[in-house]
Amino acid sequence: MRESNLWQRYALLLDQVEKPSRYLGQEWGSVTPAEKEGADYHAVLAYPDTYEIGQANQAIAILYDCLNANEHIYCERAYLPWVDMIALMRGNGLPLASLETYTPVREFDFVGITLPHELCATNVLEFLDLAGIPLHTDQRGDDDPLVCAGGPCAYNPEPFAPFFDVIFVGEGEELDVEAALRHRELKAQGASRAQILRELACIEGVYVPSLYEVTEQEIRDERLAPGARGYTTVTPRDADVPARVEKRIIRDFDALPALPRQIVPYCELVHDRLAIEILRGCNRGCRFCQAGMIYRPVRERNADTVIAAVMDGLVATGYDEVSLTSLSSTDHSTIEQMLRRLNRSFSGTGKSVSLPSQRVDALGIELARLAAGEKKGSLTLAPEAGTQRLRDCINKGVSEDDLLRAVTGAVEAGWRGFKLYFMIGLPGETDEDVAGIGALCRRVYAAAKDAVPEGEPRNIRLNVSVALFIPKAMTPFQWDRQISLPEISHRIEVLRASFPKKGINLHWHDSDTSYVEAVLARGGRECAELVEEAWRRGARFDAWTEQFAFAAWEQAGDVCGIPIMQRATCEYEEGAPLPWSHISAGVSEEFLRAERARAGAGEKTPDCSFTSCSQCGVCPLFGMTNVLEATRVLRGECA
Amino acid sequence: MSEGFRLRVKYQITGRLAYLSHLETVRSMERIVRRARLPFAITEGFNPHMKIAFGPALPVGAGSRGEYFDVRLSEYVDPAIALEALQGSAPENLMPIACAYCAHDADSIDVTYPVSVWCAVLDAGDVPVGDIEQAFSQLVETGFIEVVKTKGRATKVKRVEFEGRLIDGPHVAAGDDAVTVEFTTFQGSDGALRPDKFISAALEGANADISLMSLTRMELCEN
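Residues numbered from 1 in each chain as written. Chains lettered and ligands numbered in written order. Predicted model: local features only at pLDDT ≥ 70, side-chain atom pairs only at ≥ 80, totals over all residues. Heavy atoms only, no water.

**Looking at the overall build of chain A**
In terms of helices and strands, chain A carries 21 helices and 19 strands. Scaling as 2.2 N^0.38, a compact globule of 639 residues should have a C-alpha radius of gyration of about 26 Å, and chain A matches this with 24 Å. If one aligns the C-alpha atoms of chain A with their principal axes, the spans along those axes are about 75 × 65 × 55 Å. Here chain A holds 639 residues, and the buried ones make up 62% of them. Pairs at least 24 residues apart make up 77% of the contacts formed inside chain A by residues separated by at least 6 positions. Counting only carbon and sulfur atoms, one obtains 49% of the accessible surface of chain A, whose full area is about 23200 Å². Averaging the coordinates of the 67 positive side-chain charges in chain A and doing the same for the 93 negative ones gives two points 4 Å apart. (Helix = DSSP H or I, 4+ residues; strand = E, 2+ residues; numbered from the N terminus. Rg over C-alpha atoms; globule rule 2.2 N^0.38 Å. Buried < 20%, exposed > 50% of the residue type's maximum accessible area, 1.4 Å probe, protein only. Contact = heavy atoms within 4.5 Å. Areas by Shrake-Rupley, 256 points an atom, 1.4 Å probe, with all protein chains shown as cover. Lys, Arg positive; Asp, Glu negative; His and termini not counted. Charge placed at Lys NZ, Arg CZ, Asp CG, Glu CD.)

**What about the interface of chain A and chain B?**
Tallying the contact residues gives 28 residues for chain A and 22 residues for chain B. Together, Gln26(A), Trp28(A) and Tyr266(A) form the three largest contributors to the area buried by chain A at its contact with chain B, with a combined 28%. Connecting chain A to chain B are four salt bridges. With a shortest N-O distance of 3.2 Å, Asp272(A) and Arg31(B) are connected by a salt bridge. Between the two partners, chain A and chain B, sit nine residue pairs in polar contact (both at pLDDT 80 or more). Where the side of chain A that touches chain B is concerned, the elements lending two or more residues are helix H1 (7–11) and helix H9 (303–317) of chain A. With three residues, the single largest contributor to the side of chain A that touches chain B is H9(A). (Buried area = accessible area lost by both parts, 1.4 Å probe. Salt bridge = Lys/Arg side-chain N within 4 Å of Asp/Glu carboxyl O. Polar contact = N/O pair within 3.5 Å; in protein donor to acceptor, adjacent residues only side chain to side chain.)

**Here's the deal with the packing of aromatic side chains**
Summed over all chains, the structure comprises 22 aromatic pairs over all chains. Summarising the aromatic geometry, the rings of Trp82(A) and Trp544(A) are spaced 4.5 Å apart at their centres and angled 45° between planes, so their arrangement reads as tilted. Separated by 462 residues along the polypeptide, Trp82(A) in the loop between strand S2 (73–79) and helix H4 (83–91) and Trp544(A) in the loop between helix H17 (526–536) and helix H18 (550–560) bring together distant segments of the chain. Accessibility assignment for this pair places Trp82(A) and Trp544(A) in one class, buried. Each ring, one from Phe5(B) and one from Tyr76(B), has its centre 5.8 Å from the other, and the planes form 70°; the classification is edge-to-face. Of the two residues, Phe5(B) sits in strand S1 (residues 5–13) while Tyr76(B) sits in the loop between strand S3 (62–73) and helix H2 (79–88), which places them 71 residues apart along the sequence. Ring pairing ties together the aromatic residues Phe136(B), Phe162(B), Phe183(B) and Phe198(B), which thus form one cluster. Its guanidinium or amino end placed over the ring of Phe253(A), Arg301(A) lies 4.3 Å from that ring's centre, counting from NZ or CZ. Directly above the aromatic system of Trp7(A) lies the positively charged group of Arg16(B), at a separation of 3.8 Å from the ring centroid. (Phe/Tyr/Trp six-rings, centres within 6.5 Å; stacked < 30°, edge-to-face > 60°. Lys NZ or Arg CZ within 6 Å of the ring centre and 35° of its normal.)

**Remarks on the sheet that holds strand S3 (residues 110–114) of chain A**
All names here are of chain A. A sheet is described by the order of its strands in space; here six strands give the open sequence S2-S1-S3-S4-S5-S6, paired in mixed fashion. The two strands at the open ends of the sheet, each matched to only one other strand, are S2 and strand S6 (206–207). As defined by bridge partners, S3 adjoins strand S4 (residues 146–150) across five bridges and the pair is classed as parallel. Considered in S4, the bridge of Ile113 is made with Ala149. (Pairing = 2+ DSSP bridges.)

**So, the environment of Leu355(A)**
Residue and element names in this part refer to chain A. As for its placement among the helices and strands, Leu355 is situated in the loop between strand S14 (352–354) and helix H11 (365–370). With relative accessibility at 9%, the residue Leu355 sits in the buried group. Once the C-alpha coordinates of Leu355 and Tyr51 are considered, the two residues, 304 residues apart in sequence, prove to be 23 Å apart. Not counting residues within four places of it along the chain, the set of residues in contact with Leu355 comprises Leu324, Ser329, Thr330, Ile335, Leu339 and Ala371.

**Here we look at the domain arrangement of chain B**
Residues and elements named next belong to chain B. If you check the domain split of chain B, you get domain 1 (5–109) and domain 2 (115–221). A separation of 28 Å is found between the C-alpha centroids of domain 1 and domain 2. Contact with domain 1, which involves twelve residues of that partner, is made by ten residues of domain 2. Looking at the side of domain 1 facing domain 2, the largest losses of area belong to Pro56, Pro59 and Arg65, adding up to 47% of the total buried there. For the pair domain 1 and domain 2, the number of links is one salt bridge. Of the charged contacts in the structure, one is a salt bridge between Glu67 and Arg217, with a shortest N-O distance of 2.8 Å. Scanning the region where domain 1 abuts domain 2 turns up six residue pairs in polar contact (both at pLDDT 80 or more). (Domains from an automatic or database assignment.)

**Some details on unusual backbone geometry**
Look at the link from Arg296(A) to Pro297(A): it is a cis peptide, with omega at -10°. You can see Pro297(A) is positioned in the loop between helix H8 (290–294) and strand S12 (299–300). Here Gly169(B) and Pro170(B) are connected by a cis peptide whose omega angle stands at 5°. Its place among the elements puts Pro170(B) in strand S8 (residues 166–174). Unusually for a residue other than glycine, Lys19(A) sits at a positive phi of about 45°.

**Examining the pattern of salt bridges**
Where charged atoms from two side chains of opposite charge approach closely, those side chains can pair. All names here are of chain A. Under the criterion given, the structure shown has 66 salt bridges over all chains. Of the charged contacts in the structure, one is a salt bridge between Arg596 and Glu571, with a shortest N-O distance of 3.6 Å. Of this pair, Arg596 sits in helix H20 (residues 589–600) while Glu571 sits in the loop between helix H19 (564–568) and strand S19 (583–584), and the two are 25 residues apart along the sequence. A single network of salt bridges, built from pairs that share partners, joins Glu171, Glu173, Glu277, Arg280 and Arg299.

**Concerning the sheet that holds strand S13 (residues 321–325) of chain A**
All names here are of chain A. Strand order in this open sheet of three strands is S10-S13-S14, and the pairing throughout is parallel. If you trace the sheet from one side to the other, it starts and ends with strand S10 (274–277) and S14, each paired once. Pairwise comparison of adjacent strand axes, ignoring direction, gives a mean angle of 25° for this sheet. In this sheet, S13 lies alongside S10 in parallel orientation, the contact comprising four bridges. Residue pairing across strands places Ala275 opposite Ser323, the latter belonging to S13. On top of the sheet, H9 reaches S10 and S13; it is set at about 160° to S10, its chief contact. (Axes fitted to C-alpha atoms, helices over the stretch in contact; angles between N-to-C directions.)

**Let's talk about H18(A)**
Residue and element names in this part refer to chain A. For H18, the set of buried residues is Phe550, Ala552, Trp553, Ala556, Gly557 and Cys560. Seen from one end, H18 has its buried residues packed into an arc of 155°, which puts them on one side. Along H18, exposed side chains directed more than 90 degrees from the buried face belong to Asp558 and Val559. Buried residues along H18 sit in contact with helix H5 (121–131), helix H16 (511–521), H17 and H19. (Arc of directions from axis to C-beta.)

**Here's the deal with the side chain of Arg16(B)**
For Arg16(B), the location among the structural elements is in the loop between S1 and helix H1 (22–35). In this view, Arg16(B) contacts Trp7(A), Leu24(A), Gln26(A), Tyr102(A) and Asn93(B); residues no more than four positions away in its chain are not counted.

**Some words on the environment of Tyr74(A)**
Turning to its location among the elements, Tyr74(A) is positioned in strand S2. In this structure, the C-alpha to C-alpha distance between Tyr74(A) and Ala451(A), residues 377 residues apart in sequence, is 55 Å.

**Points about the pairing of S4(A)**
Sheet faces and side chains relate simply in a regular strand, where the side chains alternate between the two faces. All names here are of chain A. Most of S4 is tucked away: five of the five residues are buried. Neither face of S4 is exposed, since Leu146, Cys148 and Gly150 on one face and Val147 and Ala149 on the opposite face are all buried. At this point the chain moves from S3, through H5, to the parallel S4, and the crossover so formed is right-handed. Two strands pair when backbone bridges link them, and S4 and strand S5 (residues 166–168) are joined in this way by two bridges, in the parallel orientation. When the bridges of S5 are listed, Ala149 appears paired with Ile167. (Right-handed = clockwise from strand over helix to strand, strands pointing away.)

**Focus: the pairing of S3(A)**
Residues and elements named next belong to chain A. By the criterion of burial, S3 is predominantly enclosed, with five of the five residues buried. Of the two faces of S3, the one lined by Phe110, Gly112 and Thr114 and the one lined by Val111 and Ile113 are each fully buried. Pairing between strand S1 (residues 41–47) and S3: four bridges, direction parallel. The residue of S3 that forms the bridge with Ala43 is Phe110.

This is how it looks when you write it as structure tokens:
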């Protein structure tokens with residue numbers, strides 16, 4: 001095992017590919033074999049996309065650090081090569097290898113693939129195939145690695161289920177290490193693959209798909225053609241396998257290292273800066289948002305810990321920018337204090353601090369001034385819907401006044417560029433709501449121009465991005481449907497007509513990718529057949545517009561009896577078992593149903609990290625509560 | 001305002017880091033300077049950044065025994081101490097090897113060192129060295145190469161004359177396992193001869209199974 005080093009063979013191909021720096025390894029901060037001489041268990045963490053996307057992923061960085069912190073484990077990384085390199089590798093019979101030692105991925109003990117979004121599904125197959133690992137768990141033998149998955153898609157793992165031996169549900173800092181060490185132990189004892197999988201299924205947060213029976217459920221929706229397949233649900237084959245896999249959670253988030261080992265890339269990444277996670281979870285309760293439901297409860301990191309991590313991280317990496325990351329960084333109870341301290345320390349050094357996106361209501365003038373310090377590029381805000389009625393339905397909890405106040409405050413603080421995110425196709429949406437997006441953006445644009453101090457050029461840049469609503473598992477809208485193509489065309493027309501011809505840059509997302517994403521987001525194990533068929537028909541890199549091949553998906557849908565458009569536009573029945581009913585993020589189904597009903601009634605549900613408990617069910621299940629550094633203070637109209 | 005201290009750093013690019021693009025090298029070197037905690041000066045204005053300037057770009061795939069950058073320091077640091085700090089912060093294959101201060105008003109690196117000495121190592125298999133020499137001689141006699149540039153759907157062919165740009169060589173020599181080709185180029189304000197394109201044009205002319213194993217800038221020199 002692990003005798004090969006394929007670097008010399010890869011090196012011969014580098015002259016022929018775009019961005020050879022993707023494949024070099026040897027970055028500052030990567031773990032070298034010399035550091036892990038005593039390790040006898042070899043893991044590789046993989047991201048099913050190119051280096052510049054995957055290396056920016058914070059989960060990979062955290063888990064790489066956790067696994068390598070154990071003396072028995074040497075953890076490396078692997079990414080999917082770009083299409084030019086894939087073609088050369090296939091032409092030369094060269095298997096996929098790790099970055100640190102250029103060892104073939106198939107020679108590792110443990111291959112952990114993160115599943116960041118549904119559109120990476122075909123890339124998972126491309127990755128396994130390129131690595132020479134059998135695609136299906138039931139085709140793998142004792143000499144094959146343990147192929148594991150984790151990440152957001154683990155909360156509805158079924159479209160990926162047959163491709164993985166083990167799926168980790170929840171936060172991986174403890175879980176991945178525990179599972180890897182148990183696997184090491186069982187291998188040393190000579191356990192068979194079947195025994196290993198059974199033993200691993202006993203670990204809290206581990207889902208072993210092959211130990212579950214599949215049943216097909218009819219989807220009772222007239223939009224689905226007769227003969228089209230329903231979705232599948234699963235139940236354990238044996239009594240000792242958990243009927244419901246609860247997510248793993250880190251209770252003492254602040255005790256985790258705030259600065260995991262940092263790898264400094266040569267190749268420019270999508271987010272090429274130091275990233276420090278300042279809080280985990282978001283209880284704002286936006287009813288379309290999966291992340292807001294699956295990462296509860298809120299856990300804040302101490303301000304001193306954050307500042308120390310930023311300072312040490314910038315010195316260790318040589319970056320000149322740090323991003324304070326989380327689902328909603330402006331909600332951190334000490335965010336202003338942290339920004340003020342960092343800006344003071346960065347003054348005159350060329351270093352800057354940024355926030356990934358700002359809550360409209362939380363962005364006061366002071367925060368707008370503090371975010372990004374001396375460098376002010378473009379400020380991103382997400383009102384999501386064009387009218388107050390619809391914003392209340394989705395529980396966005398922000399008003400037009402909040403938005404106008406945030407934008408004018410930001411202009412006064414020096415910002416001139418704005419990016420606004422909206423969605424169309426939300427449940428209960430009317431033409432008036434869609435036209436409201438344009439009307440709102442006109443008012444924002446005018447308010448921003450008016451806020452420019454006299455004597456300065458009024459060159460406000462306003463980019464508006466409109467995405468199609470995609471119903472996601474474990475959200476209050478999980479039963480809802482996507483709108484159909486004619487509905488999309490009509491709403492885009494209404495949207496375009498609502499915008500001025502000049503001044504505001506309007507962009508909307510491709511609906512075909514959204515349909516595929518929607519089918520997989522709510523699909524059962526039957527969708528694994530769809531994924532495999534689409535991949536065999538040439539689909540891969542589906543998240544890359546220029547690579548996305550919708551025809552391959554449509555043909556695969558026809559072959560598998562899962563017509564893409566029809567399935568995406570089907571409503572699921574409340575009360576019936578769902579494809580992900582055996583997985584739990586802690587939020588109860590009763591809560592999700594109640595939230596859906598409140599959406600229909602246009603009622604808002606407050607964020608429990610600011611006010612009282614909203615009865616989502618997470619805290620009692622895990623025996624914990626929100627962990628806040630100080631009392632959170634509501635800003636904006638909700639205050 | 002004080003102009004600070006202009007530190008000129010010489011560095012090597014070796015091994016697989018020869019595949020970095022010029023921008024990747026620049027970004028990596030800036031990070032090395034920050035990790036070394038040198039007291040670098042920063043520009044003023046909307047987007048403050050390190051005051052640093054690099055010499056001529058290397059083609060992707062080419063290594064170097066001596067590239068240069070100038071970084072402005074706001075405080076004096078002993079060059080030996082600066083070098084030690086830089087070396088402690090650099091990966092093995094992107095290694096600073098010398099530091100010295102130069103005058104504030106000294107010419108830029110491009111102007112100071114317009115001459116590049118190149119060494120290409122070829123895997124020529126059984127091809128006689130004479131055939132390779134002949135291929136290079138024929139190319140030199142032609143007097144130019146044509147470089148195809150593609151941007152989007154547009155393709156542009158640029159003719160690069162050797163006169164004034166190829167100032168010595170090529171000298172072809174047979175080694176134990178490989179053939180080496182040494183030549184010297186001049187990069188002025190009207191452009192330079194790309195060494196990788198020069199080699200590939202000659203190898204195309206040789207019409208034999210010869211591959212480029214490595215290309216190295218041996219030295220950047222004054223004129």
